[in-house]
Amino acid sequence: MGQKLRVSAGGVAYTGTGKDLRISLLYRAKTDTWHLPKGTQVTGETLEATAQREIQEETGFQVVLGTPLGSLHSRMEDGGPKQTHYFLARVTEKVGKGDGEHDLVRFFTPTQALRLLKHTPTLFEREDSILARASALLQ
């Protein structure tokens, strides 16, 4: 019997518009990877609630969700299946420091963020495709 699908949600957290548009990425030194904020859905929680909670926990940013950006399928470290749903997420305010799960939380131009995500090892979700969708909607 197969392993249970684990569901996560997160988003492309952004500020500004036009040439001032900036995208938030998280850096994990242990794996030398950049990520979009996301996390595991709690039983009974909607995807939108998961995305808002996880973005705030990981970045310290309160967000307003917008357009759904699709989902990615990947594998957990134990080999189990995972599906992550993404949303546009406009940052409205800084309400905390983040949970410390990542070593850095930084804002980048869309071009810089896309370059960093494209260099993430393929065992993780290929979030560059999600960021490309978000950038097309925001520019």
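In what follows, the structure referred to is the one given above.
Values in this document were obtained by computation on a predicted structure and should not be read as measured data.

1. With respect to the overall build of the protein
Step number 1: When helices and strands are counted, the protein shows three helices and seven strands.
Step number 2: Along the chain direction, N to C, the helices and strands of the protein fall in the order β-β-β-β-α-β-β-β-α-α.
Step number 3: For the protein, the C-alpha radius of gyration of 14 Å lies close to 14 Å, the compact-globule estimate for 139 residues.
Step number 4: Across the 139 residues in the protein, those meeting the buried criterion constitute 43%.
Step number 5: In the protein, once contacts between residues fewer than 6 apart in sequence are set aside, the share between residues at least 24 apart is 69%.
Step number 6: When the accessible surface of the protein is split by element, carbon and sulfur atoms take 52% of a total near 7500 Å².
Step number 7: Taken together, the 18 basic and 16 acidic charged side chains of the protein have centroids lying 4 Å from each other.

2. A short note on the packing of helix 2 (residues 110–118) against helix 3 (residues 128–138)
Step number 1: Following both chains from N to C, one finds helix 2 and helix 3 inclined at 165 degrees, their axes separated by 9 Å at the closest point. By the criterion of interaxial angle, the relationship of helix 2 to helix 3 is roughly antiparallel. Remark: the crossing between helix 2 and helix 3 carries left-handed chirality. Residues Pro110, Ala113, Leu114, Leu117 and Lys118 of helix 2 pack against Asp128, Leu131, Ala132 and Ser135 of helix 3.
Step number 2: Grouping the constituent residues of the contact of helix 2 with helix 3 by class yields six nonpolar, one polar and two charged.

3. Some details on unusual backbone geometry
Step number 1: Located in the positive-phi region is Asp32, a residue other than glycine, with phi close to 50 degrees.
Step number 2: Inspection of the secondary structure assignment puts Asp32 in the loop between strand 2 (22–28) and strand 3 (33–35).
Step number 3: The class for Asp32 is exposed, based on a relative accessible area of 53%.

4. Observations concerning the pattern of salt bridges
Step number 1: Throughout the structure, instances matching the rule amount to seven salt bridges.
Step number 2: For Lys38, the salt bridge identified is with Glu127, shortest N-O distance 2.9 Å. Of this pair, Lys38 sits in strand 4 (residues 38–40) while Glu127 sits in the loop between helix 2 and helix 3; the two residues are 89 residues apart in sequence, bridging distant segments of the chain. The two residues Lys38 and Glu127 agree in class, both being buried.

Calculation rules
Residues numbered from 1 in each chain as written. Predicted model: local features only at pLDDT ≥ 70, side-chain atom pairs only at ≥ 80, totals over all residues. Heavy atoms only, no water. Helix = DSSP H or I, 4+ residues; strand = E, 2+ residues; numbered from the N terminus. Rg over C-alpha atoms; globule rule 2.2 N^0.38 Å. Buried < 20%, exposed > 50% of the residue type's maximum accessible area, 1.4 Å probe, protein only. Contact = heavy atoms within 4.5 Å. Areas by Shrake-Rupley, 256 points an atom, 1.4 Å probe, with all protein chains shown as cover. Lys, Arg positive; Asp, Glu negative; His and termini not counted. Charge placed at Lys NZ, Arg CZ, Asp CG, Glu CD. Axes fitted to C-alpha atoms, helices over the stretch in contact; angles between N-to-C directions. Parallel < 35°, antiparallel > 145°, perpendicular 65-115°, else oblique. Left-handed = near helix turned anticlockwise from the far one by under 90°. Nonpolar A, V, L, I, M, F, W, Y, C, P; charged D, E, K, R; others polar. Salt bridge = Lys/Arg side-chain N within 4 Å of Asp/Glu carboxyl O.

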